[in-house]
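Chains, contacts and geometry: an overview
If you want the building blocks of each chain, they are given just below.
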Amino acid sequence: MAKEIAVTNRLVNRSILPGFRLTLTFTLAYLALIVLVPLSGLFFKTTTMSFSEFVTAVTSDRVMHAYEISFGASFIAALIDALFGLIVAWVLVRYRFFGRRVIDAIVDLPFALPTAIAGIALTALYAPEGWIGQFFKPWGLKIAFTPLGIVIAMIFVGLPFVVRTIQPVLADMEKDTEEAAVCLGASRWQTFSRVVLPQIIPAMLTGSTMAFARALGEYGSVIFIAGNMPGVSEIVPLVIVIKLEQYDYQGASAIALVMLLASFILLFVINMLQKWNRQRRKRQ
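Description of the structure in this document. (Residues numbered from 1 in each chain as written. Predicted model: local features only at pLDDT ≥ 70, side-chain atom pairs only at ≥ 80, totals over all residues. Heavy atoms only, no water.)

**Observations regarding the overall build of the protein**
For the protein, the helix and strand inventory stands at 14 helices and zero strands. Taken from the N to the C terminus, the helices and strands of the protein come in the order α-α-α-α-α-α-α-α-α-α-α-α-α-α. Against the globule reference of 19 Å for 284 residues, the protein gives a C-alpha radius of gyration of 24 Å, more extended than a compact globule. Dimensions along the principal axes, computed over C-alpha positions, put the protein at roughly 75 × 55 × 30 Å. Classification of the 284 residues of the protein by burial places 37% in the buried group. In the structure as shown, the protein presents an accessible area of about 17,600 Å², 69% of it carried by carbon and sulfur atoms. Here the protein contributes 24 positively and 17 negatively charged side chains, and the mean placements of these two sets differ by 10 Å. (Helix = DSSP H or I, 4+ residues; strand = E, 2+ residues; numbered from the N terminus. Rg over C-alpha atoms; globule rule 2.2 N^0.38 Å. Buried < 20%, exposed > 50% of the residue type's maximum accessible area, 1.4 Å probe, protein only. Areas by Shrake-Rupley, 256 points an atom, 1.4 Å probe, with all protein chains shown as cover. Lys, Arg positive; Asp, Glu negative; His and termini not counted. Charge placed at Lys NZ, Arg CZ, Asp CG, Glu CD.)

In structure tokens, the structure reads:
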């Protein structure tokens, strides 16, 4: 009996993919060649600069304005994505209607669509003579080639992250507590704000942070609609490209290192939010 149990335990613990050492070696080699080596090269490139040169490169007036545009527009876009991403996820999960699967597929369009095509399409729509921009022109409101156009492009690329993060949480949510709240006399707003919303806030925060990180590094869809005027509508990735075109590799590496550190911080925040969400769901 004991021998049969030991054999059963070995079968259960056996990995589906054989060769732990081989797969681990492949994984480490892949991470080293694709991720660690390029990032290490970026770091070592900046070590050729003195500290004062590094500070000058990453804090010049033009770069500081680009930080303001990129971080500010990404933050605004993430907030808007949080609101409308919740609405879209709620409609897709809680209602059944004709064309729901089509809308559900369209949500993933920014993932599949080349960013340059998205930028050209958005520019054609929101330009002063575009299909949508022409309606704002008589009011003196210019969307394309302004920071407002940058925010719209970032909303476009970040919305799927929020929807796809909230959607499974809403789908797995039991309706017993909502029905109990209604039976106890709670209004629709009270039921949503006190029963539903606390359960989806961790997923909303995670999706919004992912949307913020995605928008912060976006280039293709933003570059066409931004206008690219220094100090007005110039994003950090564009400044890096301009530095490279001017053969200022050290300056480009220094700015890229700042963005890399920001990405690491956002990745850490996302992991902490996901861990908090898992722990919270286990306690429930």
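**Section: the layout of surface pockets**
The volume enclosed by the largest pocket comes to roughly 380 Å³. Within the residue set of the lining of the largest pocket, elements represented by two or more residues are α4 (61-94), α10 (176-183) and α11 (188-216). Split into classes, the residues belonging to the lining of the largest pocket amount to eight nonpolar, two polar and five charged. (1 Å grid on protein atoms, 1.4 Å probe; cavity = no way out; pocket = protein on both sides within 12 Å on 5 of 7 lines; lining within 4 Å. Points joined across faces, edges and corners; volume = space filled by probe spheres on them. Nonpolar A, V, L, I, M, F, W, Y, C, P; charged D, E, K, R; others polar.)

**A word on α11**
For α11, spanning 29 residues, the distance from its first C-alpha to its last is only 36 Å, which falls clearly below the expected 42 Å at 1.5 Å a residue. At Leu197, α11 is bent by approximately 55°, the largest bend along its length, and proline Pro198 sits one to four residues beyond. (Expected span 1.5 Å × (residues − 1). Bend = angle between axes of the 7 residues up to and from the residue.)

**Topic: unusual backbone geometry**
Phi is mostly negative for residues that are not glycine, and the peptide bonds are mostly trans. Of note, the phi angle at Phe145 is positive, near 65°, even though the residue is not glycine. In this model, Asn228 sits at a positive phi of 60°, which is unusual for a non-glycine residue. Among the secondary structure elements, Asn228 is positioned in the loop between α12 (220-226) and α13 (236-245). Among the residues examined, Asn228 registers a relative accessible area of 27% and is labelled partly exposed.

**Some thoughts on the nonpolar core**
Within soluble globular proteins, side chains that are nonpolar tend to cluster in buried spots. With 22 residues, the main nonpolar core has Tyr67, Leu216, Val236, Ile240 and Ile255 as its most contacted residues. Contributions of two or more residues to this core are made by α3 (51-58), α4, α11, α13 and α14 (249-283). The greatest single-element share of this core, amounting to nine residues, is contributed by α14. With sequence-adjacent residues up to four places away left out, Leu216 is seen in contact with Ser70, Phe71, Ser74, Pro237, Met259, Ala262 and Leu266. (Core = buried A, V, L, I, M, F, W, Y, C linked by side-chain atoms within 4.5 Å. Contact = heavy atoms within 4.5 Å.)

**A word on the packing of α4 against α13**
At a minimum axis distance of 8 Å, the contact between α4 and α13 shows a crossing angle of 145°. Listed contacts from α13 to Arg62, Val63, Ala66, Tyr67 and Ser70 of α4 are Val236, Pro237, Val239 and Ile242. Broken down by class, the residue content of the contact of α4 with α13 amounts to seven nonpolar, one polar and one charged. (Axes fitted to C-alpha atoms, helices over the stretch in contact; angles between N-to-C directions.)

**Observations concerning the environment of Leu257**
Relative to the assigned elements, Leu257 resides in helix α14. Through-space distance from the C-alpha of Leu257 to that of Leu42 is 6.9 Å; in sequence the pair is 215 residues apart. Excluding residues within four positions of it along the chain, Leu257 makes contact with Leu42, Phe43, Thr46 and Phe54.

**What about the environment of Glu178?**
As for its position among the elements, Glu178 is in helix α10. Assessed through its relative accessible area of 12%, Glu178 is described here as buried. Taking C-alpha positions, Glu178 is 27 Å from Leu159, a pair spaced 19 residues apart along the chain. Apart from residues no more than four positions distant in its own chain, Glu178 is found in contact with Arg94, Met173, Thr191, Val195 and Val196.

**What about the packing of aromatic side chains?**
One pass over the structure, following the stated rule, counts seven aromatic pairs. Between Tyr67 and Phe71 the ring centres are 6.4 Å apart and the planes differ by 65°, which places this aromatic pair in the edge-to-face class. One end of the pair is Tyr67 and the other is Phe71, both in helix α4 and four residues apart, which spans about a single turn. The interplanar angle of 45° and the centroid separation of 6.4 Å between the aromatic rings of Phe71 and Phe212 together place this pair among those described as tilted. Taken together, the residues Phe71 in helix α4 and Phe212 in helix α11 connect sequence positions 141 residues apart. What makes Phe212 buried here is its relative accessible area of 14%. In textbook terms, an aromatic cluster arises when at least three aromatic residues are bridged by ring pairs, as seen for Tyr67, Phe71 and Phe212. When the ring centre of Trp90 is taken as reference, the NZ or CZ atom of Arg94 above it lies at 4.5 Å. (Phe/Tyr/Trp six-rings, centres within 6.5 Å; stacked < 30°, edge-to-face > 60°. Lys NZ or Arg CZ within 6 Å of the ring centre and 35° of its normal.)

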